[in-house]
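# Commentary on secondary and tertiary structure
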4 protein chains.
Amino acid sequence: MDFRSDNVTGAAPEILAALAAANAGTRSSYGEDAETARVEAKLKDLFETELAAFFVATGTAANSLGLSLLAPPWGAIYCHEGAHIAVDECGAPEFYTGGAKLVDLPGADGKLTAAQLALLLPGGKGVVHHPQPAAISLTQATEAGTCYRAGEIAAIAETGRRHGLKLHMDGARFGNAVAFLGASPAELTWRAGVEVLSFGASKNGALAAEAVIIFDKRLAEELAFRRKRAGHLFSKMRFLTAQIDAMLTGDLWLKHARHANATARRLAEGLAAIPGVRLVHPVEANEIFVDLPEAAICGLETDGFRFYRWLGEDKQRLRLVTAFDTKQADVDAFVAAAARHAATANEPAA
Amino acid sequence: MDFRSDNVTGAAPEILAALAAANAGTRSSYGEDAETARVEAKLKDLFETELAAFFVATGTAANSLGLSLLAPPWGAIYCHEGAHIAVDECGAPEFYTGGAKLVDLPGADGKLTAAQLALLLPGGKGVVHHPQPAAISLTQATEAGTCYRAGEIAAIAETGRRHGLKLHMDGARFGNAVAFLGASPAELTWRAGVEVLSFGASKNGALAAEAVIIFDKRLAEELAFRRKRAGHLFSKMRFLTAQIDAMLTGDLWLKHARHANATARRLAEGLAAIPGVRLVHPVEANEIFVDLPEAAICGLETDGFRFYRWLGEDKQRLRLVTAFDTKQADVDAFVAAAARHAATANEPAA
Amino acid sequence: MDFRSDNVTGAAPEILAALAAANAGTRSSYGEDAETARVEAKLKDLFETELAAFFVATGTAANSLGLSLLAPPWGAIYCHEGAHIAVDECGAPEFYTGGAKLVDLPGADGKLTAAQLALLLPGGKGVVHHPQPAAISLTQATEAGTCYRAGEIAAIAETGRRHGLKLHMDGARFGNAVAFLGASPAELTWRAGVEVLSFGASKNGALAAEAVIIFDKRLAEELAFRRKRAGHLFSKMRFLTAQIDAMLTGDLWLKHARHANATARRLAEGLAAIPGVRLVHPVEANEIFVDLPEAAICGLETDGFRFYRWLGEDKQRLRLVTAFDTKQADVDAFVAAAARHAATANEPAA
Amino acid sequence: MDFRSDNVTGAAPEILAALAAANAGTRSSYGEDAETARVEAKLKDLFETELAAFFVATGTAANSLGLSLLAPPWGAIYCHEGAHIAVDECGAPEFYTGGAKLVDLPGADGKLTAAQLALLLPGGKGVVHHPQPAAISLTQATEAGTCYRAGEIAAIAETGRRHGLKLHMDGARFGNAVAFLGASPAELTWRAGVEVLSFGASKNGALAAEAVIIFDKRLAEELAFRRKRAGHLFSKMRFLTAQIDAMLTGDLWLKHARHANATARRLAEGLAAIPGVRLVHPVEANEIFVDLPEAAICGLETDGFRFYRWLGEDKQRLRLVTAFDTKQADVDAFVAAAARHAATANEPAA
């Protein structure tokens, strides 16, 4: 019963089957094959627009490559202080952009707001001494397990655009956001002003596959070279393509995301009902942040449940993440154990 | 019948089986799992020494990460002018090292020699105006389909070491070299003075897997950070590890390489026996470079054989590459067709 | 009467005289001349220790080159959120380090504290996902016109050293700090734990000259190459050297700094005595931050005084900077005008 | 009598006078002053066109900044194998471009030809595996002391432009070329297809000053940021501006260059008349490469003449460089001494 992350899981059986199915025969290497073109076409259908898609194996690669299209080396990228690009990629955006500056901003429930950005911009635009505001990066679903509404994204995009900033979206959990919001992929991206999206599959049941999706194709030209020189161009591209293909077949990506969201919601509701337990953020995707007594946490650890402690006000915070294959029984077992340990923890000392 | 490259193939069934076998259960992400440690231990056994191994998905990533340990941004890396790092990685070594200079050198049959390097070194060492000689990179087997003998490697290493240069080996086809030479992996690497090896599996029947093998562990410390910030740290590391594991099980990597070498040899011998056909380099691994009349090349293309034309003196050169799954019948068919077309081409016009 | 900055001035006559004196005859280029060695020796005397000195023309170059010795591309550098390296160098530290991350920290009166750093460190040290804490950069005197005491520096150095961090000092106004504190250059740098110092002269009456001073000479080896490849190695080095030489002759640097400090103090005391005027920070060097009524600011502007407005709580803040050649009469004129305008501004509307 | 380089000299008296003249009063920092605008206007007059000029202190900075406008990190820059950017800048172009590849080409008398480039291009343009041909860099006058005619430049520019390459000119000795060719600055640059020029003054009698001149102003926008983040934006810009201003006043730059060229010619003619002495390249600017007997070289060294030995076929080659202030008497003394030593060297052993 492992709630550490949605990347501690293996891959869905459909993914492995797709790899096997793609294995026969030879192919033109490096993405010059028919399947890659076909999956790109499927993405155009899904997003209801022209786009360019570049497949890579990791979310950090997808984000960094995407950002390198939007910010020059002297650019500034505005993001939430908890964003993956800011705290979990060991400086990958700086590496790929050639030294752009991430401006880490606070924000409730893991989200930036248009109002906040309006106060900060133009932020030294045109002044030679300062990194030049170039892009905004949103995480969807956020690192706090919440989701930006289409209107919020559009307002942020519009605020940035007034000052010439581009909009990037880290969609490592894009499926979870789409599943929660019930909006279309188009509404949550290019129609709202997103220029580049990391469309994540690895955390949603793939083996290792992400797509950098570029809605403004003029930006795409150089990505082929950037990907290659970063070592992210697979020779046997079919094995990346096949994963995305399987994800898009029968809306597997949404099915997975809905399952992860539903188990997260069940887990959240179960925990919220326990006295002394507090949900930190609204649970809108597949991540739950929860405060509970230290003794209860220790009890859960002793029981063998796996999860990460998170930095909370009193250091009694957990992060729990569900995935495409999380079992309802495990969720219920966790809730029951938490309730038991919390009750003990709350008892007055004799 | 596709002889374009050893990366137009799919993966060996053992590789796919290994992925499936590794799929069950959860794992600590990012290589903090027991299997990764176990496969690293297997590599220590194979190479008969302490080492650090970092798994990545592409050869370009392996080479560039490895080189970034050996050359500072102001360093110079000596390599053959046909080396993959020099001509086929779109500047990846420059990206990863922060701007080191590749010094592209000529050399018969794709090889550098100690004598040649002795003439070039110290090469401005200590002079502030010049990029500083830092490393030598050898390709084993070479891009010409030949192999460095252990003694050649040792002589090159020794020549470099006298001037403080480190030795890198691009082993995208390391298996083919080991299979041809009958020397041990240790003899061809650290015992001969190699500090960092790209141990390739992708071209040898894997899906997408390479290991950066670092024999001087003091150099290894920073690679964890370099890999992560380049986006090459897989969250579901088990799927890279499993491929290398399968390769090492029952010496699958050598079995594959021997097969590719044997079919290449059969192909080379068949072609060499045809009047008007000339092998360009000794065929010691799985690549064949062959000159034949333009009309014969066109005939083979019309027949549907696939291969790359190569820049030869008279532009009548082919590169043919065999792989772990090349069929003997295909080789024989190619030879027969080449003989037929060459005979026609050589007939005097009526 | 221009209080915009200490870089709106020209150079001191001693500096121009030194350039003329150095002009005759030929010299070995690129710093291989006797004068450069001699001035380095003078710096060793001044700092009472072995050191390596590299002369460059700008403070941004000095800071960035120095930091590039202390932080790898995946490193994190802790600095005050108002530090020149953080806000006024357009990402130069990121460029020179190859992408290190500046961690911008708040702090009263422009200063960091050991206690603050102790709470933040080890800050993800050893965790592959995070930029690795590598260095702390202090500005002496600070951007707020205050000075770190030797004990404060030592405490910060010690806190960092416990976690392996190096200490950098941006001494664009180092002279002003030494002049104010009455401590020796040694006490304020290497004896307190500073590894690399930007020893500024440009803002202190030179034409354009700074020295990167490296107290741990093992760190110095690579700086020769870093400086050259950044285009900061002057061919006619004598003209940089001569400026530093003149600065060190007869303690001209301290004489200049004392003058700038004294005029700043006079200005501060004059302003502080005006009702409705508030000094924002202690005035310990040559920068004054002062809040006064908007109408008074406009009056001063109309009078032709030049200064920068600064972002204050009510946007009624000025920064005033004095220099080596600021005239007492100009200071007195400014104070008198400020008093007059403030009095008018404070009168109740009729 | 020092013929080592044109950078072993001091500065011309007009330059020092200009610094003194520019010293009085305060100025807006960082080039926001009227003089900088005025000198840019003078350059527009000189080049008879719109342009943007950025002043820096070193030729390496000027070249690298200029190249960074013309080649992306994955770009290839074609240059002569003896070019300063290729061999004497410690990888500065790689640093500034973010890793572009210099393609070093041979060429008689230090020059590239359009025919040579026509054979190499398109050079992998559009192929993701290869660095992308982006720019050509010519050195004018060349490192061999020769000059490109306007027609040669135009032919190279046209060859490159057909494949989308831009043209850079390293004009560290641009004045010497203009003086020799008698062509206008416009004819030798933008009219012939040059996009960016390093207009050198340091080697032509300035203290330390160069201008990056950008003829396509759309390329200029980002240079302000690139210069600042490289630490090459002088706060007291007047002191760079004043040097260029003095150079342009009364055509001082051409007067200097003509003098250096004339003394070089006199030196060359004197040497060429000596039996056993051979000029290696036509002497068209202020550099002379000359082969003479080893014994004669030693004799000259013993006499106290200073010059650099150069790598020749028999290692008996000298480089001699004249400058704006080379004395005719010194030239004559060198020739006389060379004649004497050569005569002795050529005598048969008794």
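Just so we're clear, the structure is a prediction, and the values are computed from it rather than from any experiment. (Residues numbered from 1 in each chain as written. Chains lettered and ligands numbered in written order. Predicted model: local features only at pLDDT ≥ 70, side-chain atom pairs only at ≥ 80, totals over all residues. Heavy atoms only, no water.)

### Looking at the overall build of chain A
As a reminder, the rule being used: Labels follow the DSSP assignment, with helices taken as runs of H or I lasting at least four residues and strands as runs of E lasting at least two, numbered in each case from the N terminus. Think of it in three bands: with a 1.4 Å probe and only protein chains considered, a residue is buried below 20% of the maximum accessible area for its type, exposed above 50%, and partly exposed in between. Residue exposure ignores everything except the shown protein chains as possible cover, and the areas themselves are Shrake-Rupley values with a 1.4 Å probe.
Looking only at helices and strands, one finds 14 helices and 11 strands in chain A. Principal axes of the C-alpha set define a box for chain A whose edges measure 70 × 55 × 30 Å. In chain A, buried positions account for 65% of the 350 residues. Of the roughly 11,700 Å² of accessible surface on chain A, a fraction of 55% belongs to carbon and sulfur atoms.

### A few points about the relation of the copies chain C and chain D
For the record, the criterion: The copies are overlaid by a least-squares fit using only the C-alpha atoms of residues whose pLDDT is at least 70 in both copies. By definition, residues are in contact when any of their heavy atoms lie within 4.5 Å.
It takes a turn of 180° to lay chain C on chain D, together with a shift of 0.0 Å along the axis; the resulting RMSD is 0.0 Å. In the structure described here, the two chain copies are related by an operation that fits a two-fold rotation axis. Residue alanine 230 of chain C, judged by its C-alpha, is the member of chain C lying nearest the rotation axis, at 3.6 Å. Most of the interface of chain C is mirrored in chain D, where 100% of its interface residues again form contacts.

### Quick word on the interface of chain C and chain D
For the record, the criterion: Accessible-area loss on putting two parts together, using a 1.4 Å probe and summing over both, is the definition of buried area adopted here. Salt bridges are counted wherever a side-chain nitrogen of Lys or Arg sits within 4 Å of a carboxyl oxygen of Asp or Glu. Distance and chemistry together define a polar contact, namely a pair of N or O atoms within 3.5 Å, with one atom able to donate a hydrogen and the other to accept it when in protein, and with adjacent residues in sequence counting only for side-chain atoms on both sides. Any residue that is not Ala, Val, Leu, Ile, Met, Phe, Trp, Tyr, Cys, Pro, Asp, Glu, Lys or Arg is counted as polar, Gly included; the first ten are nonpolar and the last four charged.
Each partner contributes residues to the interface: chain C has 49 residues there, and chain D has 49 residues. Of the roughly 3,800 Å² buried where chain C meets chain D, counting both sides, 54% is carbon and sulfur surface. When residues of chain C are sorted by the area they lose upon contact with chain D, Phe95, Arg229 and Lys236 of chain C head the list and together hold 20% of the total. Along the contact surface separating chain C from chain D lie 0 salt bridges. At the junction of chain C with chain D, the criterion picks out 38 residue pairs in polar contact (both at pLDDT 80 or more). Those elements giving two or more residues to the side of chain C that touches chain D turn out to be helix 1 (13–22), helix 3 (59–70), helix 5 (92–97), helix 9 (223–229) and helix 10 (238–248) of chain C. A per-element tally of the side of chain C that touches chain D places helix 5 of chain C first, with 4 residues. Along the lines of polarity and charge, the residues of the side of chain C that touches chain D split into 20 nonpolar, 17 polar and 12 charged.

### So, the interface of chain A and chain B
Facing 49 residues of chain A, the contacting portion of chain B comprises 49 residues. When chain A packs against chain B, the two sides together hide about 3,800 Å² of surface, and 54% of this comes from carbon and sulfur. Broken down residue by residue, the surface that chain A buries against chain B is led by Phe95, Arg229 and Lys236 of chain A, which jointly contribute 20%. One can count 0 salt bridges joining chain A with chain B. Linking chain A with chain B are 39 residue pairs in polar contact (both at pLDDT 80 or more). Looking at the side of chain A that touches chain B, the elements with two or more residues in it are helix 1 (13–21), helix 3 (59–70), helix 5 (92–97), helix 10 (223–229) and helix 11 (238–248) of chain A. Its residues placed into classes, the side of chain A that touches chain B shows 20 nonpolar, 17 polar and 12 charged.

### Considerations on the environment of lysine 44 of chain A
Residue and element names in this part refer to chain A. Summarising the element assignment, lysine 44 is placed in helix 2 (residues 34–47). A residue is classified by how much of its surface remains accessible, and lysine 44, at 22% relative accessible area, is partly exposed. Lysine 44 has contacts with Thr49, Glu50, Leu51 and Lys217, leaving out every residue within four places of it along the chain.

### Observations regarding the side chain of histidine 84 of chain D
Position of histidine 84 of chain D among the secondary structure elements: in helix 4 (residues 84–87). Leave out the neighbours within four places in its chain, and histidine 84 of chain D touches Tyr30 and Lys228 of chain C together with Thr60, Glu89, Glu143, Asp170 and Lys203 of chain D.

### A few points about the packing of aromatic side chains
Each aromatic ring pair is summarised here by two numbers: the centre-to-centre distance and the angle between the ring planes. Stated precisely, the cut-off is as follows: Classification of ring pairs rests on two measures: the distance between centres of Phe, Tyr or Trp rings, Trp counted by its six-membered ring, which must be within 6.5 Å, and the angle between planes, read as stacked under 30 degrees, edge-to-face over 60 and tilted in between. Comment: the charge-over-ring label is applied if NZ (Lys) or CZ (Arg) is within 6 Å of the ring centre and within 35 degrees of the ring normal.
One pass over the full model with this rule turns up 50 aromatic pairs over all chains. Ring centres of phenylalanine 305 of chain D and phenylalanine 334 of chain D lie 5.0 Å apart, and the angle between their planes is 80°; on these two criteria the pair is classed as edge-to-face. On the criterion of sequence distance, the pair formed by phenylalanine 305 of chain D in the loop between helix 12 (294–303) and strand 10 (308–310) and phenylalanine 334 of chain D in helix 13 (residues 328–346) is long-range, its members being 29 residues apart. Comparing phenylalanine 305 of chain D with phenylalanine 334 of chain D shows no difference in burial state: the two are buried. Positioned above the aromatic ring of tyrosine 148 of chain C is the side chain of lysine 111 of chain C, whose terminal nitrogen or guanidinium carbon lies 5.6 Å from the ring centre.

### Re helix 8 (residues 174–181) of chain B
All names here are of chain B. Residues of helix 8 that are buried include every one of Phe174, Gly175, Asn176, Ala177 and Val178, and no others. For helix 8, the secondary structure elements touched by its buried residues are helix 2 (34–47), strand 5 (166–171), strand 6 (196–200) and helix 11 (252–272). Glycine 182 occupies a position one or two residues after helix 8 and carries a positive phi of about 70°.

### Details of empty space enclosed by the protein
Put simply, the test is: Within this scheme a cavity is a closed region of a 1 Å grid, computed over the protein atoms alone, that accommodates a 1.4 Å probe without allowing it to escape, whereas a pocket is open but has protein on both sides within 12 Å along at least five of seven lines; lining residues each have an atom within 4 Å of a point. Grid points are joined across faces, edges and corners, and a volume is the space filled by probe spheres set on the points.
Per the stated rule, a full pass over the model turns up 11 cavities of 30 Å³ or more. As a volume, the largest cavity reaches approximately 260 Å³. Contributing to the lining of the largest cavity are 27 residues, with Tyr30 of chain A together with Thr58, Gly59, Thr60 and Lys203 of chain B lying nearest its centre. With 3 residues, the top contributor of residues to the lining of the largest cavity is helix 3 (residues 59–70) of chain B. Of the residues in the lining of the largest cavity, the class split is 8 nonpolar, 11 polar and 8 charged.

### A few points about the relation of the copies chain A and chain B
When chain A is fitted onto chain B, the two copies agree to an RMSD of 0.0 Å after a turn of 180° and an axial shift of 0.0 Å. Of the interface residues in chain A, 100% have counterparts in chain B that sit at the interface too, so the contact is made through matching surfaces.

### Focus on the confidence of the model for chain A
Detailed reading of the predicted coordinates is not advisable wherever pLDDT falls low. Note the cut-off: pLDDT is a residue-level measure of predictor confidence that goes from 0 to 100.
On average, residues of chain A score 96 in pLDDT, and 98% of them reach the 70 mark or higher. Predicted complex, confidence summary: ipTM 0.96, pTM 0.97.

### Describing the sheet that holds strand 9 (residues 287–291) of chain A
All names here are of chain A. Keep this limit in mind: Whether two strands pair depends on DSSP finding at least two bridges between them. The axes used here are C-alpha line fits, helices contributing only the stretch in contact, and every angle between their N-to-C directions lies in the interval 0 to 180 degrees.
Within the open sheet, the 4 strands sit side by side as 8-9-11-10. Their pairing is antiparallel. Looking at the sheet topology across the chains shown, the edges are occupied by strand 8 (278–279) and strand 10 (308–310). One ladder, built from 5 bridges, connects strand 9 with strand 11 (residues 317–321); its direction is antiparallel. Note on strand 11: the bridge partner recorded for aspartate 291 is arginine 317. Across the sheet, helix 13 (residues 294–303) is in contact with strand 10 and strand 11; its angle to strand 10 comes to roughly 165°.

### Observations concerning the nonpolar core
Nonpolar side chains tend to gather and get buried jointly when the protein is soluble and globular. This is how the line gets drawn: Side-chain atoms within 4.5 Å are what join buried Ala, Val, Leu, Ile, Met, Phe, Trp, Tyr and Cys residues into a set we call a nonpolar core.
If you look at the biggest cluster of nonpolar residues, it comprises 136 residues, and the most contacted ones within it are Phe199 of chain C together with Leu43 and Phe199 of chain D. Contacts of phenylalanine 199 of chain C, omitting those with residues within four sequence positions, involve Leu43, Leu46, Phe47, Gly171, Phe174, Glu210, Ala211, Ile213, Leu248 and Trp253 of chain C. Counting residues in each nonpolar core, the second largest holds 134 residues, with Tyr78, Leu105 and Ala209 of chain A together with Leu46 of chain B among its members.

### Details of the pattern of salt bridges
Using the criterion set out here, one finds 100 salt bridges over all chains in the structure. Ionic pairing is found between aspartate 291 of chain A and arginine 317 of chain A, a salt bridge with its closest N-O pair at 2.7 Å. Linking aspartate 291 of chain A in strand 9 with arginine 317 of chain A in strand 11, this pair joins segments that are 26 residues apart in sequence. One exposure class covers both aspartate 291 of chain A and arginine 317 of chain A, and it is buried. Note that glutamate 287 of chain C is salt-bridged to arginine 319 of chain C, the shortest N-O span being 2.9 Å. Of this pair, glutamate 287 of chain C sits in strand 9 (residues 287–291) while arginine 319 of chain C sits in strand 11 (residues 317–321), and the two are 32 residues apart along the sequence.

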